[in-house]
Amino acid sequence: IDYDSLMQKSAESGYTIGRGEEESAEAFDRSIQDLNEELEVDISGFIDALNDIQIGISTKYNYVLYILILVPCFAFCSKVFFGKKKSSFKEHYVMTLYSFSTVSILNLLFLPLMLDIENMWFYTLLTSISMFVMSVYTQISYLKLKGFDEYMQSFLSFILGLIIYMLVTVVLMLFASIILFIVRS
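Presented here is an overview of the structure given in this document. (Residues numbered from 1 in each chain as written. Predicted model: local features only at pLDDT ≥ 70, side-chain atom pairs only at ≥ 80, totals over all residues. Heavy atoms only, no water.)

## A word on the side chain of serine 154
So, step 1. Looking at the secondary structure, you find serine 154 in helix α8 (residues 148-184).
So, step 2. Relative accessible area serves as the criterion here: at 0%, serine 154 is assigned to the buried category.
So, step 3. Sequence-distant contacts of serine 154, that is, excluding residues within four places in its chain, are made with Phe82, Val136, Gln139 and Leu145. (Helix = DSSP H or I, 4+ residues; strand = E, 2+ residues; numbered from the N terminus. Buried < 20%, exposed > 50% of the residue type's maximum accessible area, 1.4 Å probe, protein only. Contact = heavy atoms within 4.5 Å.)

Here it is in structure tokens:
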């Protein structure tokens, strides 16, 4: 497979400033077709599978992922940063579960904002801020944190937990998309 020629064809037929949206969409479709022919793999089928998985996860299984992935990621980071304060992972898990359950209940207040698609960014911002504040507050109160150093550890624990959650979610989505693509083929 000549990847350089594929990249060259893609760059030549890609979006340029003078083109309209329809012309760009056609160029993108041609690039996908060329890639399908060169690789002998249905790239558009894989992209469709990835979209189906993403939509299914974000609509149907969001809360399940929230509990099964997000809480353990944050509990693990809490255990790493504050292992001496509470020795058991279970204690960190329960603390994190309490924190995010409270955030879920608080987010019900923001639910009317979600009905208007233009306010979706504001809803996302509010839920993110409430998740951060409640997570840090729970760690400070439950673990009896004192001093700037421990507050910064709580902040870093939150950021690291979020990064790990995003990485795990992306890997699971790609893995599920590959499986769905194989099953559909």
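## Quick look at the nonpolar core
So, step 1. Ile69, Leu70, Val71, Cys73, Phe74, Phe100, Val103, Met131, Met134, Phe158 and Tyr165 together form the largest nonpolar core, which totals eleven residues.
So, step 2. Those elements giving two or more residues to this core turn out to be α4 (62-82), α5 (89-107), α7 (120-142) and α8.
So, step 3. Per-element accounting of this core gives the leading share, five residues, to α4.
So, step 4. With sequence-adjacent residues up to four places away left out, isoleucine 69 is seen in contact with Tyr165, Val168, Thr169 and Leu172. (Core = buried A, V, L, I, M, F, W, Y, C linked by side-chain atoms within 4.5 Å.)

## With respect to the packing of α7 against α8
When two helices pack together, their arrangement is captured by the angle between the axes and the distance separating the axes.
So, step 1. Packing of α7 against α8 brings their axes to within 10 Å, and their N-to-C directions diverge by 130°. Taken together, the axes of α7 and α8 lie oblique to each other. Judged by the sense of rotation from one axis to the other, the crossing of α7 with α8 is right-handed. On the side of α7, the interface is formed by Met131, Phe132, Ser135, Val136, Gln139 and Ile140, while α8 contributes Tyr151, Ser154, Phe155, Ser157, Phe158 and Leu162. (Axes fitted to C-alpha atoms, helices over the stretch in contact; angles between N-to-C directions. Parallel < 35°, antiparallel > 145°, perpendicular 65-115°, else oblique. Left-handed = near helix turned anticlockwise from the far one by under 90°.)

## Structural notes on the packing of aromatic side chains
The description of an aromatic ring pair rests on the distance of the ring centres and on the angle between the ring planes.
So, step 1. Within the structure shown, the criterion is met by five aromatic pairs.
So, step 2. On the numbers, 6.3 Å between centres and 40° between planes, the contact of phenylalanine 89 with tyrosine 93 is tilted. Remark: tyrosine 93 and phenylalanine 89 occur in helix α5; sequence separation between them is four residues, near one turn of the helix.
So, step 3. The class for phenylalanine 89 is partly exposed, based on a relative accessible area of 35%.
So, step 4. Put simply, the rings of Phe74, Phe100, Phe132, Phe155 and Phe158 touch in pairs and so form one group of aromatic residues. (Phe/Tyr/Trp six-rings, centres within 6.5 Å; stacked < 30°, edge-to-face > 60°.)

## Quick look at the packing of α5 against α7
So, step 1. Closest axis-to-axis distance for the α5/α7 pair is 9 Å, and the angle between their directions is 145°. Like other packed secondary-structure pairs, α5 and α7 cross with a definite hand, here right-handed. Contacts from Glu91, Met95, Tyr98, Ser99, Phe100, Thr102, Val103 and Asn107 of α5 reach α7 at Tyr123, Thr127, Ser130, Met131, Met134, Ser135, Thr138, Gln139 and Tyr142.

## Focus on the side chain of serine 99
So, step 1. Structurally, serine 99 is set in helix α5.
So, step 2. Residues in contact with serine 99, not counting those within four places in the same chain, are Met134, Ser135 and Thr138.

## With respect to α7
The α-helix winds at 3.6 residues per turn, so residues separated by three or four positions along the chain end up facing the same way.
So, step 1. With 23 residues, α7 should reach 33 Å at 1.5 Å per residue; the first-to-last C-alpha distance of 32 Å fits that figure.
So, step 2. Among all positions of α7, only Tyr123, Thr127, Ser130, Met131, Met134, Ser135, Val136, Thr138 and Gln139 are buried.
So, step 3. Looking one or two residues past α7, lysine 144 carries a phi angle of roughly 55°, positive in sign. (Expected span 1.5 Å × (residues − 1).)

## A closer look at unusual backbone geometry
So, step 1. Although it is not a glycine, lysine 144 sits at a positive phi angle of roughly 55°.
So, step 2. If you trace the backbone, lysine 144 turns up in the loop between α7 and α8.
So, step 3. Residue lysine 144 is classed as exposed on the basis of its relative accessible area, which comes to 59%.

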